[in-house]
Amino acid sequence: MSERDDIAADEAAERALRLNDGPADQALAARAAADPTFAADVEAWDERLSPLIDEIAPVLPPAGVWPRVEAATAPVPANDNRATRFWRGWAMASTGLLAASVAGLAFLIANPRVERDYIASSPDFQPVSVSTLMSAADPDMPIATITYDPQTGSLYVAPTMQMAMPENRAVTLWVTMADGSVHRVGVIDPNQAQMHEVSEEMQPMAAEAPLVTVSLEPMDQPNAPAPMGPVIATGEVRRL
Amino acid sequence: MVDSLTRDDLAQALTATGRGDRTAFRRVYDATSAKLFGVAVRILKDRQLAEDVLQDVYVTVWNRASTYDPARAAPTTWLATIARNRSIDRLRSMASRPTGRPLDEAAEVRDETPDAAARLEARQEAGRLHDCLQVLDERAREAIRSAFFEGDTYETLAERAGVPLGTLKSWIRRGFQKLKGCLER
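What you see is a predicted model; the values in this text were computed from it and never measured.

**With respect to the overall build of chain B**
At step 1: Helix and strand counts for chain B stand at 10 helices and zero strands.
At step 2: Of the regular secondary structure in chain B, the N- to C-terminal order runs α-α-α-α-α-α-α-α-α-α.

If you want it as structure tokens, here you go:
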């Protein structure tokens, strides 16, 4: 086995065990998503280590969990789509306390054409980086595209699917730096395309961050230094 | 109540779930939720957080069951990997380690009913892994076990062991090679 093969084998085991944190772990996850051979190596390690699960004692979950799972995965009307189900799932999944808020969810459609039209009408906006945010619940499902222009500090957010807002939660955007540190950019609106002005303090980080994350945060903790609520989407940043 | 399913039954129920069979989905939940909740409680050490993660796990199972291939993974491995990864995702999304119900206390509420998922694991395989882990250097063995059960990273393990990160990585990587070699013999 070559040294390169050894490294690949180590990385597959590292991904299975989740030994790396932050961008390094995300990079291995992205590689597994793109490289079937590497994904198979990771799965092989999952299988090798799986007997350890036997050592974990089962714990009976509360009876209330199943009804929430059932509601979050319930069939949707024919005129709805998978995206609606996803957001309803997240509204439910974020916490059991939010279950009562589901009846109040409102769904809006974000037309991707809006993104193109908006950018076309903003000649000063010259994005140099872009990130497609993929659902944490379904890595194949994009939920929004983010573009950033470091010259102006303008950040453009374009939801790509129907979304719903759970009550008392702020949809919050974060950047993760190469050193693993996480920084709050601000609250975004999941229901429409929008432009934000990134604060001067955040602009250098927004320009360099390799990873962006969206989480659902409690409304009463607007200045939390790191995500407290569930992460609902992540995306790697590409330079244009 | 934990339903009793053989490994093949569980694989079939998971496959049927992927076709949208909600009765099969409920069977999967009944047969495995106690084990997967145990995984989440073990890693997160907080029952409320573990409940949230468990719900997320089964929403993910519902959405991804169509991709499950019985020829590639045992159903328990596939499910436990989702539960473990989701728990670690949640753990690392938090600013600091939760200080909820400690592990020993959580264990007091363990389900004492027969655990179908555990029975489904091949005892021989479990014994083999155990034997091969014993072949490893103790430091590598404990680090690998700690990473698996607690979701610890290289950095955390190095800090705890009081050794440089590179040293810790060398221990574990040598452990991987020995473990793989032993399991393939």
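**Points about the overall build of chain A**
At step 1: Each helix and strand in chain A was counted, giving seven helices and eight strands.
At step 2: For chain A, the share of sequence-separated contacts (at least 6 apart) that also reach a separation of at least 24 residues comes to 61%.

**Description of the environment of A:Ile53**
At step 1: If you trace the backbone, A:Ile53 turns up in the loop between α3 (36-49) and α4 (65-72).
At step 2: You can call A:Ile53 buried: it has 25 C-beta atoms within 10 Å.

**Some thoughts on the interface of chain A and chain B**
At step 1: On the side of chain B, 55 residues touch chain A, which itself brings 44 residues to the contact.
At step 2: Listing elements by their share of the side of chain A that touches chain B, those giving two or more residues are α1 (3-17), α3, α4 and α5 (82-93) of chain A.
At step 3: Of the residues assigned to the side of chain A that touches chain B, the class counts are 27 nonpolar, seven polar and 10 charged.

**Points about the packing of helix α2 (residues 22-44) of chain B against helix α3 (residues 47-64) of chain B**
Two quantities define a packed helix pair, namely the angle between the axes and the distance from one axis to the other.
All names here are of chain B.
At step 1: Look at α2 against α3: their axes get within 9 Å of each other, and the N-to-C directions meet at 140 degrees. The angle between α2 and α3 falls in the class oblique. For the pair α2 and α3, the crossing hand works out as right-handed. Facing α2, whose interface residues are Phe 25, Val 28, Tyr 29, Ser 33, Leu 36, Phe 37, Ala 40, Val 41 and Leu 44, α3 presents Arg 47, Leu 49, Ala 50, Val 53, Leu 54, Val 57, Tyr 58, Val 61 and Trp 62.
At step 2: Here the residues of the contact of α2 with α3 sort into 16 nonpolar, one polar and one charged.

**Concerning the nonpolar core**
At step 1: A:Val212, B:Val28, B:Leu36, B:Ala40 and B:Leu54 are the most contacted members of the largest nonpolar core, which totals 68 residues.
At step 2: The dominant element in this core, judged by the number of residues it contributes, is α2(B), at 13 residues.
At step 3: Beyond its immediate sequence surroundings of up to four residues, A:Val212 is in contact with A:Ser131, A:Leu133, A:Ile146, A:Leu173, A:Trp174, A:Val175, A:Gly235 and A:Val237.
At step 4: Counting 25 residues, the second largest nonpolar core, distinct from the first, contains A:Ala16, A:Val42, B:Leu133 and B:Ala140.

**What to know about the confidence of the model for chain A**
All names here are of chain A.
At step 1: Looking at chain A, the pLDDT average stands at 72 and 69% of residues meet or exceed 70.
At step 2: α3 holds the highest mean pLDDT among the elements of chain A, 93, whereas helix α6 (residues 112-120) holds the lowest, 33.
At step 3: Considering only residues more than four positions removed or in separate chains, one finds that residues 76-123, a stretch of pLDDT under 50, has 80 contacts.

**Observations regarding the sheet that holds strand β1 (residues 129-135) of chain A**
Residue and element names in this part refer to chain A.
At step 1: On the basis of which strands lie adjacent, the open sheet formed by eight strands has the order β5-β4-β7-β8-β1-β2-β3-β6 and antiparallel pairing. Unpaired on one side and paired on the other, β5 (182-187) and β6 (194-197) mark the two borders of the sheet. With strand direction ignored, the average angle separating the axes of adjacent strands in the sheet is 25 degrees.
At step 2: This element, helix α2 (residues 22-34), spans β4 (169-176), β7 (211-218) and β8 (231-239) of the sheet and lies at about 85 degrees to β8.

**Quick look at the packing of helix α1 (residues 7-18) of chain B against α2(B)**
Residues and elements named next belong to chain B.
At step 1: Here α1 crosses α2 at 135 degrees, and the two axes come no closer than 8 Å. Classified by the angle their axes make, α1 and α2 are oblique. In this structure, α1 crosses over α2, and the sense of that crossing is left-handed. Residues Leu 10, Ala 13, Leu 14, Ala 16 and Thr 17 of α1 touch α2, and the partners they reach there are Ala 24, Phe 25, Arg 27, Val 28 and Ala 31.
At step 2: Of the residues belonging to the contact of α1 with α2, the class tally is eight nonpolar, one polar and one charged.

Here is what the cut-offs are and how they apply
Residues numbered from 1 in each chain as written. Chains lettered and ligands numbered in written order. Predicted model: local features only at pLDDT ≥ 70, side-chain atom pairs only at ≥ 80, totals over all residues. Helix = DSSP H or I, 4+ residues; strand = E, 2+ residues; numbered from the N terminus. Contact = placed C-beta atoms within 7 Å. Buried ≥ 20, exposed ≤ 12 C-beta atoms within 10 Å, placed from the backbone. Nonpolar A, V, L, I, M, F, W, Y, C, P; charged D, E, K, R; others polar. Axes fitted to C-alpha atoms, helices over the stretch in contact; angles between N-to-C directions. Parallel < 35°, antiparallel > 145°, perpendicular 65-115°, else oblique. Left-handed = near helix turned anticlockwise from the far one by under 90°. Core = buried A, V, L, I, M, F, W, Y, C linked by C-beta atoms within 7 Å. pLDDT = per-residue confidence, 0-100. Pairing = 2+ DSSP bridges.

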